[in-house]
Amino acid sequence: MKVKLPSYEYINIDSGWSNGCDEFGRWTYREDLFPNGILPVAQYLKKNGHKLGLYLLPGIRLDAVEEKKKIKGTQHTLDEIVTARKEGCGFNGSTYMPDGPSALVEAYYQSVAELLHMWGVFYVKLDGVGPGGGSEYFPNQSPDNRSCTMILHNALRKYNIWLEVSWYIDSDYADEWAQISNGARIYVDIESYSTRTMTSSHRVMQRISLCDKWAEYPVIGSDYGFYLDLDAVLVGMTVGNACVDGLDNDDIRLTYIGFWAFTSSVFCIGSDPRCIPDHYLKWYNHEEILEIHQSGIMPKPIGSGDVWQNRRQIWHKKLRDGRIYVCLINAHTYPFMLGRSHQITLRLSDLGCRRAEIRDVWNNNTIGSFDENYTILLRPGQSQIIQVIPLNI
C-alpha cells in the first residue's frame, strides 16, 4: 500500500493562474484553466480537509491602472492612486506601487481580500516583495513595498488568510516582516532550472547560512505567528520512474528533510506525492521529526551558522516540554561536487550540562551516555538529529 503524506493544510496554485483583472482591477482567473471559477476548486479541496492558496504580486496590475478600473465601492479609479508610476514588485513591468497609504488604497486591498474570501482562499504567496529579491550575487533588487504589503496583510487578516512574502526577503527587517506577514522566503529559488534535475546538494546547504542571519531575531516561531520558508522540499521527486531531485545521495536527502523540519520552516513539497517512493515518504512521515517541526520553535546555531565559515554545523532547540534536540551537519559541499568527511563535536556545556544520554532521532535508538563531549564522523552532506537528555552527576 502506498504510504501517505503527512496532513498538509494548504494546496497552493502558483503563478500562471491569472492573466487579467476584473472590473475592479483585481486579479482574476484564466477561464481556460478554471472554466467554473476558483470557488469550486476550493470547495473540492475543503472536502479533503485542505485549504486553497493563490499566488499574487504586490502592487496594482498595470492593465488595471492603464484601463482606469474603478476601485470597488468608490467613484475613484486606480490610476488616481499610482500617479508616480513606480514599479510595484521585483518583476518589472507587471505592477505599479501605490503612491502611499490612503483610504483609497485600503479600499482597493479590502476588495482584493473580500474577493479571495469569496473564492475560498486561505493562503496567499506574495512574490517580488522588497526589500528583497534579486539573485544570490545581486540581492535586494525588488522595490521597498512594505507599505502596501502591510495594507494587504491587514485586509487578509480579517478573513484569516495566511500571507507568505517572497523571495530572498531581507532579514534586516525581520521585526517588521513578523508584523506584516506570516512567513518569509529567505533565499532565491531552490530549483536549479536545469533541463534534467530540480536542484542540487549545494543549493540545499546554502539555506543554512541564511538561517544563521534570521536566527538572530526573536520574532520567529509559533509564539509570533511568523515562520521562515526555506523553499520547496523536492526529495524523491520522480518523473517516469526516474528520480530527478538532483541530489547526490540519501545523506543529502535526509539532511534536506531534517533541517527544514528542525527549523520549523514552512514545509512545501513540489512533487506529485503519488510518485514519491515509499522509502522517502516514510521520512516525510517520521513521527518525532514531525513533532520537532510542529513545535514551531526556531533553533539557534552553536558557533557560526554560516556554512562557508563553518562546515561543522551544530544547531539546537528546546521544545516546550523541555526536550533538547541538536542537529549536526557536515555542510562541506561545493556547487558541483561534495567535500570531505568531518568529525563534529558537540560540547555538552553549550547546552548547560556535563553528562547526557544521546538518542538518534531518525533511527529511534539510544547511542549511549557521554561526558563533556559527543563526537561523530559525518560524510559530506550527512547529518544527524539527536535528543540530548541531561544526566545528574
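Being a predicted model, the structure only gives us computed values, none of them experimental. (Residues numbered from 1 in each chain as written. Predicted model: local features only at pLDDT ≥ 70, side-chain atom pairs only at ≥ 80, totals over all residues. Heavy atoms only, no water.)

Colleague: Give a description of the state of the cysteines that names residues and reports values.
Modeller: All told, the structure shown has zero disulfides when counted by the stated rule. Left unpaired, C21 is separated from the closest cysteine sulfur, that of C89, by 15 Å. Judged by its relative accessible area of 16%, C21 is buried. In this model C148 remains outside any disulfide bridge; the closest cysteine sulfur is found in C89, 9.2 Å from its own. With relative accessibility at 5%, the residue C148 sits in the buried group. (Disulfide = S-S within 2.5 Å. Buried < 20%, exposed > 50% of the residue type's maximum accessible area, 1.4 Å probe, protein only.)

Colleague: Explain the packing of aromatic side chains to me, using residue names and the numbers behind them.
Modeller: Following the criterion strictly, the structure yields 16 aromatic pairs and no others. Judged by centre distance (5.9 Å) and plane angle (90 degrees), the rings of W17 and W119 are edge-to-face. A residue pair is termed long-range when its members are at least 10 positions apart, and W17 in the loop between β1 (10-13) and β2 (18-21) and W119 in helix α3 (residues 103-119) qualify at 102 residues. We classify W17 as buried; its relative accessible area is 2%. For W119, a relative accessible area of 10% puts it in the buried group. Above the ring of F262, the side-chain terminus of K317 is found at 5.5 Å from the ring centroid. (Phe/Tyr/Trp six-rings, centres within 6.5 Å; stacked < 30°, edge-to-face > 60°. Helix = DSSP H or I, 4+ residues; strand = E, 2+ residues; numbered from the N terminus. Lys NZ or Arg CZ within 6 Å of the ring centre and 35° of its normal.)

Colleague: Residue-level account of a nonpolar patch on the surface, with values.
Modeller: A contiguous nonpolar surface patch, about 350 Å² in accessible area, is contributed by W308, Y334 and M337. Here W308 shows up in the loop between β16 (300-301) and β17 (312-318). (Patch = residues over 30% accessible without salt bridge, like charges linked within 9 Å, V, L, I, M, F, W, Y side chains within 5 Å. Areas by Shrake-Rupley, 256 points an atom, 1.4 Å probe, with all protein chains shown as cover. Salt bridge = Lys/Arg side-chain N within 4 Å of Asp/Glu carboxyl O.)

Colleague: Outline the environment of L62, listing residues and values.
Modeller: Its place among the elements puts L62 in helix α2 (residues 62-66). C-alpha of L62 to C-alpha of A84: the two residues are 22 residues apart in sequence and 13 Å apart in space. If near-sequence neighbours (up to four positions away) are discounted, L62 is found in contact with G93, S94, T95 and Y96. (Contact = heavy atoms within 4.5 Å.)

Colleague: If you had to explain the sheet that holds strand β4 (residues 51-56) to someone new, which residues and values would you point to?
Modeller: The parallel open sheet is built from six strands, whose spatial order is β1-β4-β8-β11-β12-β13. Strands at the two margins of the open sheet, each flanked by one partner only, are β1 and β13 (227-229). Each neighbouring strand pair of the sheet contributes to a mean axis angle of 25 degrees, computed without reference to strand direction. Both β4 and strand β8 (residues 121-126) contribute to a ladder of five bridges, which runs parallel. Note that in β8 the partner of Y55 across the bridge is K125. Sitting on the sheet, helix α4 (residues 146-157) is in contact with β8 and β11 (162-165), with an inclination near 155 degrees to β11. (Pairing = 2+ DSSP bridges. Axes fitted to C-alpha atoms, helices over the stretch in contact; angles between N-to-C directions.)

Colleague: Break down the packing of helix α6 (residues 201-214) against helix α7 (residues 250-262) for me, with residues and values.
Modeller: Two elements in contact, α6 and α7, have axes whose closest approach is 10 Å; the angle formed by their N-to-C orientations is 30 degrees. Classified by the angle between their axes, α6 and α7 sit roughly parallel to one another. Of the two elements, α6 crosses α7, and the hand of that crossing is left-handed. Judged by residue contacts, S201, V204, M205, R207, I208 and C211 of α6 engage I252, T255, Y256, F259 and W260 from α7. Partitioning the contact of α6 with α7 into residue classes produces eight nonpolar, two polar and one charged. (Parallel < 35°, antiparallel > 145°, perpendicular 65-115°, else oblique. Left-handed = near helix turned anticlockwise from the far one by under 90°. Nonpolar A, V, L, I, M, F, W, Y, C, P; charged D, E, K, R; others polar.)

Colleague: Describe the sheet that holds β16, naming the residues involved and giving the relevant values.
Modeller: Spatially, β16-β17-β18-β25-β22-β23 is the arrangement adopted by the six strands of the open sheet, whose pairing is antiparallel. In the strand order of this sheet, the two ends are held by β16 and β23 (365-371), each with one partner. Sheet topology note: the strand β22 (residues 355-360)/strand β25 (residues 383-390) ladder contains five bridges and is antiparallel. If you follow D360 over to β25, its bridge partner there is I386.

Colleague: Which residues make up the pairing of β11, and what values do they have?
Modeller: Here β11 shows no split at all, with W162 and E164 on one side and L163 and V165 on the other all buried. Direction of pairing for β8 relative to β11: parallel, over a ladder of four bridges. Paired with V124 across the bridge in β11 is L163. Bridge count between β11 and strand β12 (residues 183-185): two bridges; the pairing is parallel. Bridge pairing in β12 links V165 to A184. Once the chain exits β11 it traverses helix α5 (residues 174-180) before rejoining the sheet at β12, and the crossover so formed is right-handed. (Right-handed = clockwise from strand over helix to strand, strands pointing away.)

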